[in-house]
2 protein chains.
Amino acid sequence: MRTDSGPRRSAAGRPAGPQPAKRQAILEAAVAVFLREGYTRASVDVIADEARVSKQTVYNHFGDKERLFIAAVEEERERVAAGFAAGSPDAPGPDAPGPDGTEPDGTEPGEAYDDGDARTALIHFGHRVLAVLLDERASALRRLVIAEVARHPSLRPACAEGEPQRLVTHLAELLGRRTARGELTVPEPATAARQFVALIVQQGLYQSMYGTCPLADAQATAVCESAADLLVRAYRP
Amino acid sequence: MRTDSGPRRSAAGRPAGPQPAKRQAILEAAVAVFLREGYTRASVDVIADEARVSKQTVYNHFGDKERLFIAAVEEERERVAAGFAAGSPDAPGPDAPGPDGTEPDGTEPGEAYDDGDARTALIHFGHRVLAVLLDERASALRRLVIAEVARHPSLRPACAEGEPQRLVTHLAELLGRRTARGELTVPEPATAARQFVALIVQQGLYQSMYGTCPLADAQATAVCESAADLLVRAYRP
DNA sequence: TAATTGGACTGGACGGGCTAGTCCATTGCA
DNA sequence: TGCAATGGACTAGCCCGTCCAGTCCAATTA
């Protein structure tokens, strides 16, 4: 019996079905616990406690541990995707103590990186990709999905291609524009984009998977610069 | 009570300590079950059954589920490393129904790929790397370690860098030789090698992690060829 | 050769602990 | 008053790790 932040008033006094606020609290707790413990070790009781909700309420809302799990992964996936769409790794969430100085300028979401020379634009793009992909929660989600996808096939489709595919598309457009401008000569922008993303992402993903140190800034810069150098060198006009 | 393959006679009539054959059987069963089920779901009883051994024997040999797990991962890791060292994904094992025609010629283990032009050599190398890295058991081991490394930190060091590092070293030497021969101009072979491996490996690893289709031959060829093209284009003399 | 010894192994039972999911009497907003 | 939510008890089940009576066998002893 808590008395803090009353859950029952959902803004406008609606007739109140199964309280969406509760549902959200459960989802967030579920995300936290599943990311922390994995599917099997996560206990529904702990999730209920952490959501400040009775276990029965959990079952009323989701019916099943499995379905709760799927919903939690979906939830977190959307959160990550939103952060990605915003071009910034820290989406609206209770975490993210403050914007660290990785991105001083206020570049807009889907910005085109069309200022400066190609090398600079590529490096800039690379840093953005790394910031989004190596966000700690995104990494934890990735590890969780990899661990469980074999036993919960419904986790597969969205994540398997979604993440990188949009990056590749954006970058291909960038390369196309640079080619049109005569600054580069990229015969197959789609392929080149896929390759650049692979160059940027591989080491960081590897380290985030195995929980090694999360890719120091110096490493990230080296990766981005050498990848940009390779592309510029290959596709100089 | 089984009567098959008498376990007690270990070649020469040794005084018989804790039977190594049993230990090996347990390890192999443990590898199979852990790869199949993951750490938490794997049950010691099932492992014992699968090893045709009493549960007590398992505890006599390994003492603990945790230690059995570590030993099993180590075992499988060595198996994979051996397969890698042999340059062929299928090491001595009961599986591998037959050598499929991916590697018609009998190239030796640490061969130098010095025949043909650079592009061909790179493509050849890339295919080799993919064959080793995407071997089904190696992939399953990777997924298992990723899933459990957070809770069993002793799994980390060997695998985190071991696998790709040796590939990179080999390739750097190849690039150095080609540069010395005047066929390419690679200013930093180590960096270029790391980049090439990233290009080759990224997509396949991604698919093997998420259990998508295991990278069709056509895809593999496309990846290898475009990666080789990129390097040759960037480093043409 | 025959009996004995001792260690590895078996198989089945069991304690203690944890978990998914259900049930229900009660509470407290709207 | 009605409906969501509560919380705690409860069932049924799985699993780790231990225990133990008994088997099997190589080496040793008589």
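Just so it is clear, the model here is predicted, and its values are computed rather than measured.

## Details of the overall build of chain A
Then, in step 1: Scanning chain A from terminus to terminus reveals nine helices and zero strands.
Then, in step 2: The order of α-helices and β-strands along chain A, N terminus first, is α-α-α-α-α-α-α-α-α.
Then, in step 3: Within chain A, the proportion of its 237 residues that are buried is 43%.
Then, in step 4: Intrachain contacts of chain A at a sequence separation of at least 6 include 68% that bridge at least 24 residues.

## Remarks on the interface of chain B and chain A
Then, in step 1: Contacts between the two partners involve 42 residues from chain B, matched on the other side by 42 residues from chain A.
Then, in step 2: Across the chain B to chain A interface the summed buried area is about 3600 Å²; carbon plus sulfur atoms make up 60%.
Then, in step 3: Broken down residue by residue, the surface that chain B buries against chain A is led by Arg-41, Tyr-206 and Tyr-210 of chain B, which jointly contribute 20%.
Then, in step 4: In this structure, the connection of chain B to chain A is made through two salt bridges.
Then, in step 5: Linking chain B to chain A there are 14 residue pairs in polar contact (both at pLDDT 80 or more).

## Here we look at helix α3 (residues 55–62) of chain A
All names here are of chain A.
Then, in step 1: The complete set of buried residues in α3 reads Val-58, His-61 and Phe-62. Viewed along the axis of α3, the buried residues span an arc of 75°, placing them on a single side of the element.
Then, in step 2: Summarising the contacts, the buried residues of α3 are in contact with α1 (20–37), α2 (44–50) and α4 (65–85).
Then, in step 3: Its side-chain oxygen placed 3.1 Å from the backbone nitrogen of Gln-56, Ser-54 serves as the N-cap of α3.
Then, in step 4: One or two residues past the end of α3 sits Gly-63, with phi positive at roughly 80°.

## Quick word on empty space enclosed by the protein
Then, in step 1: Taken as a whole, this structure holds five cavities of 30 Å³ or more when the rule is applied.
Then, in step 2: A volume near 90 Å³ is recorded for the largest cavity.
Then, in step 3: As for the largest cavity, its lining consists of Gln-202, Leu-205, Tyr-206 and Met-209 of chain A together with Gln-202, Leu-205, Tyr-206 and Met-209 of chain B.
Then, in step 4: Only α8 (189–209) of chain A together with α8 (189–210) of chain B provide two or more residues apiece to the lining of the largest cavity.

## Section: the side chain of His-61 of chain B
Then, in step 1: When you line up the elements, His-61 of chain B lands in helix α3 (residues 55–62).
Then, in step 2: Those residues in contact with His-61 of chain B that lie beyond four places of it in its chain are Pro-18, Gln-19, Lys-22, Arg-23 and Ile-26 of chain B.

## Section: the confidence of the model for chain A
Residue and element names in this part refer to chain A.
Then, in step 1: Within chain A, residue pLDDT values average 82, and 78% of them lie at 70 or more.
Then, in step 2: Counted against residues more than four places away or in other chains, residues 1–15, with its pLDDT under 50, gives six contacts.
Then, in step 3: Predicted confidence is poor over residues 88–110, with pLDDT under 50, and the contacts of this stretch with residues over four places away or in other chains come to 18 contacts.

## What about the packing of helix α1 (residues 20–37) of chain B against helix α6 (residues 136–148) of chain B?
Residues and elements named next belong to chain B.
Then, in step 1: The N-to-C vectors of α1 and α6 enclose an angle of 70°; their axes lie 9 Å apart at closest approach. Between α1 and α6, the interaxial angle falls into the category roughly perpendicular. Crossing handedness for the pair α1 and α6: left-handed. Where α1 abuts α6, its residues Val-31, Phe-34 and Leu-35 lie against Arg-137, Ala-140, Leu-141 and Leu-144.

## Observations regarding the relation of the copies chain B and chain A
For the pair of chain copies, the relating transformation is a rotation about an axis with a translation along it.
Then, in step 1: The transformation that overlays chain B on chain A combines an axial shift of 0.1 Å with a rotation of 180°, and the residual RMSD is 0.1 Å. On the angle and the small slide along the axis, the relation comes out as a two-fold axis. Closest approach to the rotation axis among the C-alpha atoms of chain B is made by Ala-234 of chain B, whose C-alpha sits 1.8 Å away.

What counts and how
Residues numbered from 1 in each chain as written. Chains lettered and ligands numbered in written order. Predicted model: local features only at pLDDT ≥ 70, side-chain atom pairs only at ≥ 80, totals over all residues. Heavy atoms only, no water. Helix = DSSP H or I, 4+ residues; strand = E, 2+ residues; numbered from the N terminus. Buried < 20%, exposed > 50% of the residue type's maximum accessible area, 1.4 Å probe, protein only. Contact = heavy atoms within 4.5 Å. Buried area = accessible area lost by both parts, 1.4 Å probe. Salt bridge = Lys/Arg side-chain N within 4 Å of Asp/Glu carboxyl O. Polar contact = N/O pair within 3.5 Å; in protein donor to acceptor, adjacent residues only side chain to side chain. Arc of directions from axis to C-beta. 1 Å grid on protein atoms, 1.4 Å probe; cavity = no way out; pocket = protein on both sides within 12 Å on 5 of 7 lines; lining within 4 Å. Points joined across faces, edges and corners; volume = space filled by probe spheres on them. pLDDT = per-residue confidence, 0-100. Axes fitted to C-alpha atoms, helices over the stretch in contact; angles between N-to-C directions. Parallel < 35°, antiparallel > 145°, perpendicular 65-115°, else oblique. Left-handed = near helix turned anticlockwise from the far one by under 90°. Least-squares fit on C-alpha atoms with pLDDT ≥ 70 in both.

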